[in-house]
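Here is what each chain is made of, one letter per residue.
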Amino acid sequence: MSQETNDNLNEILQLRKDKLINLQNNNRDPFQITKYDVDNDSKNIELNFDELQEKQVSLAGRIMLKRGQGKVSFYDLQDNTGRIQLFLKKDSLGEDLYNEIKTLDIGDIVGVKGEVFKTKMGQISIRVQEIILLCKSLQILPEKFHGLKDPDLRYRQRYVDLIMDTKVREVFVTRSLIQKYIRTFLDDKGFLEVETPVLSTLAGGAAARPFATHHNALDIDMYLRIALELPLKRLIVGGFDKVYEMSRVFRNEGMDATHNPEFTMLETYEAYADYNDVMQMVEELLNFLVKKLFNSESVIYQEKEISLKPPYRKIKMVDLVTEITGVNFDNIRDLEEAYKQADILKLECNKKESIGEIINIAFEQYVEEKLIQPTFVTHHPVEISPLAKKDFSDPRYTERFELFINGAEYANAFSELNDPIDQKSRFAQQMEKKNNGDEEAHPYDKDFINALEVGMPPTGGLGVGIDRLIMLFTDQKSIRDVILFPTMKPEN
RNA sequence: GCUCCUUUAGCUCAGUUGGCUAGAGCACCUGACUCUUAAUCAGGGUGUCCUGAGUUCGAGUCUCAGAAGGAGCACCA
């Protein structure tokens, strides 16, 4: 798979190039061909063999395997739907054509016409009458048995990975299906899919470092969005009562098995609904997806069965911390006492945190990983929820939930803060953090305050990391295995 | 950003205590074969041993530095 640009090719590559030059010199350049009439595919022939037996079909695809090479040859053709065997017989094709067929290489793309039949061994095949080279492959595909294993090569040359591994292909087909079903689900509920800017001068809606870029004509710095939240809420202000966007966001952070710098986020906003309504919708959505995909109410992830049958467990964050650590921070209102308990629990904090932040640290350190079956963790401390409405029965907390499955966060939602005065003071708090060196503090968005002053109805909002959801449904351990072209460092 | 592991033919991999011309399978080339299934049989090795220094009579192997990838940690409310 080398990317040679000079003429110093190895023997095999040179041979293939010579074959191409030969064809071109004989006025038979495959690259001059613009189309081929295809009227069937391998899957359809397999499924409807009885009907198609002895019928003429026209197929196109890539040669993946060659067997025989005497006076009878068997080539495996791979198309968009699977593989089918080509039966090539010298007698019926004639010596010239048969010899020419022998010069075809694994990886070449051909168009084929012939009759459907079964070999003596019972293998569904095409008795080829016509075969035409549509594209000469000048590279060598990986080994037929082991395929492409090197993860570096798999991600950098995803096209080869997709050719060699049906399972990889299936993951991305499922990905597409999941996104389609999510749209179906939301559209049926009356949500409007919208598009909002990727480029803006302020990157808000989450706590993360943005990617910076520059607009030349305006001579201003701009940022790639880190969330969809603020523009979507402006649309709620504008009178669209149910909106969603499922699209790419960008965060300038480290990469690992669950983080890619660009990833797909779903955010929905529904006017006149609160976080309880959203919770119910999330249960419905996941159940809808698992039924559509597997006709089941559970999914197997890394050998663990995850039940997605509603209702899911609902519990306050502070109560979960009590349950796991034995320390009830809900009863602690004195900061010194909270620090004392934090020390006993060996929490990683620096004595600058508020009680709410300590609760969150305890949650992350002790609770998160234990939440295997779907769990709605609710009532996050107000300090870590700058865009969520307070719970007015206990304003230390917010009307918020996060859905945890398998120790990871799958959804984040809240009753949206629509009080412009409260929002202003939350932004002010974030500015203070920013001035103290927190690069991820939320920026002050003046126009968003203006929008809230115009008036946003009570609204329930939701964010879902789509890639992780796809990992769950396709049983993949790494986010790179559900993103076609994951971010990679250049190889020099 | 830190720690550990990996990097040898187009692909998947082996390579002993530092030793003489670096191996296997697939792929490829030559030949045989008119129903094969990772076809088979006979012959053929196509290489920047990730890169750069160093130790040594001698380095794929040892040391140091670097690159890319992987796992874990940190970061990511």
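All figures in this text were calculated on a predicted structure; none of them were measured in a lab.

Trainee: Please set out the sheet that holds strand β1 (residues 56–68) residue by residue, giving values where relevant.
Mentor: On the basis of which strands lie adjacent, the closed barrel formed by five strands has the order β1-β2-β3-β5-β4 and mixed pairing. Neighbouring strand axes in the sheet, compared pairwise and without regard to direction, differ in orientation by 55° on average. In the sheet, strand β4 (residues 109–118) pairs with strand β5 (residues 124–135) via ten bridges, with the strands oriented antiparallel. Looking across to β5, one finds that V116 is bridged to I126. On the sheet, helix α5 (residues 95–102) packs against β1, β2 (72–79), β3 (82–89) and β5 and is oriented at approximately 55° with respect to β2.

Trainee: Give a detailed account of the UniProt feature "binding site: Mg(2+) 2" (unreviewed entry) in chain A, specifying residues and quantitative values.
Mentor: Within this numbering scheme, the UniProt entry marks E409 as carrying the feature "binding site: Mg(2+) 2" (unreviewed entry). Examined against the element boundaries, E409 turns out to sit in strand β17 (residues 408–415). We classify E409 as partly exposed; its relative accessible area is 31%. Residues within four places of E409 in sequence aside, it is in contact with E402, L403, F404 and R468.

Trainee: Describe helix α1 (residues 11–25), listing the residues and the values that go with them.
Mentor: For α1, built from 15 residues, the straight-helix expectation of 21 Å at 1.5 Å per residue is met to within 8% by its first-to-last C-alpha distance of 21 Å. Buried within α1 are the following residues: L13, R16, L20 and L23. Along the axis of α1, the buried residues cluster in a sector spanning 85°; they form a single face. Along α1, the residues that are exposed and aim more than 90 degrees away from the buried face are E11 and N25. Tucked inside the fold, the buried residues of α1 contact β5. Just downstream of α1 lies N27, where phi reads positive at about 65°.

Trainee: Summarise the nonpolar core; cite the residues concerned and give the values.
Mentor: Counting 43 residues, the largest nonpolar core has I182, L286, L289, L308, L403, L469 and F473 as the members making the most contacts within it. Those elements that provide at least two residues to this core are α8 (166–188), β10 (242–250), α10 (275–294), β12 (298–301), β16 (400–405), β17, β18 (459–465) and α16 (466–474). Element by element, the count of residues in this core is highest for α10, at ten residues. Not counting chain neighbours up to four residues away, the residues in contact with F473 comprise I178, L286, L289, V290, L293, F294, V299 and L308. Of all hydrophobic cores here, the second largest spans 25 residues; its members include L320, V321, I358 and V367.

Trainee: So what's going on with the environment of R127? Residues and values would help.
Mentor: Structurally, R127 can be placed in strand β5. Taking C-alpha positions, R127 is 9.6 Å from V112, a pair spaced 15 residues apart along the chain. Ignoring any residue separated from it by four or fewer positions in sequence, one finds R127 in contact with E54, F87, K113, G114, E115 and F117. Polar side-chain contacts of R127 include one of 3.3 Å to the side chain of E54. Side-chain polar atoms of R127 contact the side chain of E115, separated by 2.7 Å.

Trainee: For the pairing of strand β8 (residues 212–215), give the residues involved together with the corresponding values.
Mentor: Pairing between β8 and strand β9 (residues 220–224): four bridges, direction antiparallel. Looking at the pairing, H215 lines up with I220 of β9. What sits between β8 and β9 in their antiparallel hairpin is a turn of four residues, with D219 showing a positive phi close to 50°.

Trainee: Could you give me a rundown of the protein's contact with RNA strand B, with the residues and numbers involved?
Mentor: In the region of RNA strand B, 55 residues are neighbours, and Q69, D91, A207, H259 and I384 sit closest. Close to the protein, within 4 Å, the atoms of RNA strand B belong to sugar or phosphate groups at a rate of 58%. For RNA strand B, a sugar or linking oxygen lies 3.0 Å from a polar atom in the side chain of R156. A distance of 2.8 Å separates a phosphate oxygen of RNA strand B from a polar side-chain atom of R480. Of all elements in the fold, only α1, β1, β2, β3, α6 (151–156) and α13 (355–367) reach the threshold of two or more residues within the surface near RNA strand B. Among the elements that line the surface near RNA strand B, the one with the most residues is α6, at five residues. Split into classes, the residues belonging to the surface near RNA strand B amount to 22 nonpolar, twelve polar and 21 charged.

Trainee: Tell me what's going on with the sheet that holds β16, and back it up with residues and numbers.
Mentor: Across the sheet, eight strands lie side by side as β6-β10-β11-β18-β17-β16-β15-β14; this open sheet has mixed pairing. Pairing within the sheet leaves two strands with one partner each, and these edge strands are β6 (192–193) and β14 (313–316). As judged from the five bridges shared by β17 and β18, these two strands associate in the antiparallel manner. Paired with A411 across the strands is V464, a residue of β18. In the packing of α8 onto the sheet, contacts are made with β6, β10 and β11 (262–271), and the angle to β10 comes to roughly 155°.

Trainee: Give me the lowdown on the side chain of T196, citing residues and values where you can.
Mentor: With respect to the element layout, T196 can be found in the loop between β6 and β7 (199–200). One polar contact links T196 to E245, side chain to side chain, over a distance of 2.6 Å. With residues near it in sequence (within four places) discarded, T196 still touches R225, P231, L232, L235 and E245.

Trainee: I'd love a proper account of the environment of N412, names of residues and values included.
Mentor: Tracing the backbone shows N412 in strand β17. Sequence separation between N412 and V454 is 42 residues, and the spatial gap between their C-alpha atoms is 26 Å. Other than its neighbours up to four places away in sequence, N412 contacts R400, F401, E402, G461, L462 and G463. Within the local environment of N412, its side chain forms a polar contact with the side chain of R400, the two groups lying 3.0 Å apart.

Trainee: Break down the domain arrangement of chain A for me, with residues and values.
Mentor: Many descriptions give the size of an interface as the accessible area lost when the pieces come together. Per the domain assignment, the segments of chain A are domain 1 (3–141) and domain 2 (166–312 + 373–481). Measuring from the centre of the C-alpha atoms in domain 1 to the corresponding centre in domain 2 gives 48 Å.

Trainee: Just give me the short version of the packing of aromatic side chains, but keep the residues and values in it.
Mentor: The geometry of an aromatic ring pair is captured by the separation of the ring centres together with the interplanar angle, meaning the angle of the planes. One pass over the structure, following the stated rule, counts nine aromatic pairs. Between F185 and F288 the ring centres are 5.4 Å apart and the planes differ by 50°, which places this aromatic pair in the tilted class. Linking F185 in helix α8 with F288 in helix α10, this pair joins segments that are 103 residues apart in sequence. We classify F185 as buried; its relative accessible area is 7%. Its relative accessible area of 24% is what places F288 among the partly exposed residues. Ring-pair connections join several aromatic residues into one group, and the members of that group are F74, F87 and F117. A cation sits over an aromatic face here: R127 above F117, 4.3 Å from the ring centre.

Procedures and definitions
Position labels on residues start from 1 in each chain and follow its written sequence. All chains are assigned letters beginning with A, and all ligands numbers beginning with 1, in the order in which they are written. In keeping with the predicted nature of the model, local features appear solely for residues at pLDDT of at least 70, side-chain atom pairs appear and are counted solely at 80 or more, and the whole-chain, interface and lining totals rest on all residues. Just so you know, side-chain values use all the structure's heavy atoms and leave hydrogens and water out. In short, DSSP must find at least two bridges between two strands for them to pair. We count a stretch as a helix when DSSP gives it H or I for four or more residues in a row; a strand needs E for two or more, and each element gets its number in order from the N terminus. To get an axis, fit a line to the C-alpha atoms, keeping to the stretch in contact for a helix; angles then go from 0 to 180 degrees between the N-to-C directions. In this analysis, two residues are considered to be in contact whenever any of their non-hydrogen atoms come within 4.5 Å of each other. UniProt positions are given in the numbering used here, feature names are shortened, and annotations may be inferred rather than shown by experiment. Per-residue accessibility, obtained with a 1.4 Å probe over protein chains only, is compared with the maximum for each type, and a residue is labelled buried under 20%, exposed over 50%, and partly exposed between these values. By this rule, a helix spans an expected 1.5 Å times one less than how many residues it contains. Directions pointing from the helix axis toward each C-beta atom define the arc. In plain words, nonpolar cores are sets of buried Ala, Val, Leu, Ile, Met, Phe, Trp, Tyr and Cys residues tied together by side-chain atoms within 4.5 Å. What qualifies as a polar contact is a pair of N or O atoms within 3.5 Å, subject to a donor-acceptor requirement within protein and to the restriction that residues adjacent in sequence count only when both atoms come from side chains. Being near a molecule or strand, for a residue, means having at least one of its heavy atoms within 4 Å of it. Throughout this entry, Asp, Glu, Lys and Arg are counted as charged residues, while Ala, Val, Leu, Ile, Met, Phe, Trp, Tyr, Cys and Pro are counted as nonpolar. The remaining residues, Gly among them, count as polar. By convention here, the domain bounds are inherited from an automatic or database domain assignment. Centre distance within 6.5 Å is the pairing criterion for rings of Phe, Tyr and Trp, where only the six-membered ring of Trp is used; planes under 30 degrees apart are then read as stacked, over 60 as edge-to-face, and the remainder as tilted. Throughout this description, the term charge over a ring refers to an Arg CZ or Lys NZ atom that lies within 6 Å of the ring centre and within 35 degrees of the ring normal.

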